[in-house]
Amino acid sequence: FWSDKIRISKVEDFFDVATRLNKRVYIEVKDYRQIEDIQILIDVIVAYDWEHMTNISSFRVDDIVEVRNRNKKIAVGWLTTNINSTQENIDFDKLQKLKLADALIVDTIMVQFPAVQQKAYDAGIGVAAWGIQYELDVENLMAVNVPRFIVDNPKHPLLTRGQQNVTY
């Protein structure tokens, strides 16, 4: 996580920033050393009492299943960038069973294929768009009624102008 010229290297530092800004956070799980590393992350989230404001996400459904098996309160999200996987291979049954699960879909797919959002809703799964870089991206997403946006930078214009339902 980079903010201006400050590098936040520990998850504890990240939660200090998130707590100060009072923003929901999405943490992507990837490239961990061993499966127990997921528990270390969950323990930090619980220690900060941030379960209600955190979503642990991954491109691998098995990772978010592991999170859910270890903690029932933290929301989970399945990340995707590929329209083939978005339209054909989302395992809606698995996501439904996880509870508090979101499909986190790259913004360009949300705009090009708005029916994907409805398919997720019909399955009882939340939706958020990520990969947003420019104001035009936001306008395009709003035109297809995307309800939530995820940005990587706490100084992103969406956050600084007070846009609702924006997280990082």
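It should be noted that the structure appears before, not after, this text.
Quantities reported herein were computed from a predicted structural model and do not represent experimental measurements. (Residues numbered from 1 in each chain as written. Predicted model: local features only at pLDDT ≥ 70, side-chain atom pairs only at ≥ 80, totals over all residues. Heavy atoms only, no water.)

This part takes up the overall build of the chain. On a plain count of helices and strands, the chain comes out with nine helices and nine strands. Each of the 168 residues in the chain was classed as buried or not, and the buried ones make up 46%. Of the contacts made within the chain by residues no fewer than 6 positions apart, 57% connect residues no fewer than 24 positions apart. (Helix = DSSP H or I, 4+ residues; strand = E, 2+ residues; numbered from the N terminus. Buried < 20%, exposed > 50% of the residue type's maximum accessible area, 1.4 Å probe, protein only. Contact = heavy atoms within 4.5 Å.)

This next bit is on the pairing of strand β6 (residues 101-106). Of all six residues in β6, six are buried, a share of seventy percent or more. The two faces of β6 match: A101, A103 and I105 on one face and D102, L104 and V106 on the other face are all buried. Strand direction decides the pairing type here: β6 and strand β7 (residues 126-130), joined by five bridges, are parallel. Counted as the bridge partner of I105 is A129 from β7. (Pairing = 2+ DSSP bridges.)

Another point: the nonpolar core. Ranked by internal contacts, the top residues of the largest apolar core, which has 40 residues, are F15, I45 and I56. Per-element tally for this core: the top contributor is helix α2 (residues 36-47), with five residues. Grouped together as the second largest cluster of nonpolar side chains are five residues, Y26, L79, L104 and I150 included. (Core = buried A, V, L, I, M, F, W, Y, C linked by side-chain atoms within 4.5 Å.)

Another aspect to go through is the packing of α2 against helix α3 (residues 61-70). To characterise two packed helices, one gives the angle between the axes of the helices and the distance between these axes. One way to put it is that α2 packs onto α3 with a least axis distance of 10 Å and a crossing angle of 55 degrees. When the axis of α2 is compared with that of α3, the two are oblique. In terms of crossing hand, the pair formed by α2 and α3 is right-handed. On the side of α2, the interface is formed by E36, I38, Q39 and I42, while α3 contributes D63, E66, V67 and R70. A breakdown of the residues in the contact of α2 with α3 according to their chemical character gives three nonpolar, one polar and four charged. (Axes fitted to C-alpha atoms, helices over the stretch in contact; angles between N-to-C directions. Parallel < 35°, antiparallel > 145°, perpendicular 65-115°, else oblique. Left-handed = near helix turned anticlockwise from the far one by under 90°. Nonpolar A, V, L, I, M, F, W, Y, C, P; charged D, E, K, R; others polar.)

What follows is about helix α7 (residues 115-122). Those residues of α7 that fall on the buried side of the exposure criterion are V116, Q117 and A120. All buried residues of α7 project into a common sector of 100 degrees when viewed along the axis, lining one side. Facing away from the buried surface of α7 by more than 90 degrees, the exposed residues are A115 and D122. Immediately beyond the C-terminal end of α7, within one or two residues, lies G124, with a positive phi of roughly 75 degrees. (Arc of directions from axis to C-beta.)

Attention now goes to the side chain of N55. Along the chain, the position of N55 falls in strand β4 (residues 54-58). Judged by its relative accessible area of 0%, N55 falls in the buried class. Within polar-contact distance, the side chain of N55 engages the backbone oxygen of V76 at 3.3 Å. Only 3.1 Å separates the side chain of N55 from the backbone nitrogen of G77, close enough to count as a polar contact. Once residues lying within four places of it in the same chain are set aside, the contact partners of N55 are R24, V25, Y26, I27, A75, V76, G77, D102 and L104. (Polar contact = N/O pair within 3.5 Å; in protein donor to acceptor, adjacent residues only side chain to side chain.)

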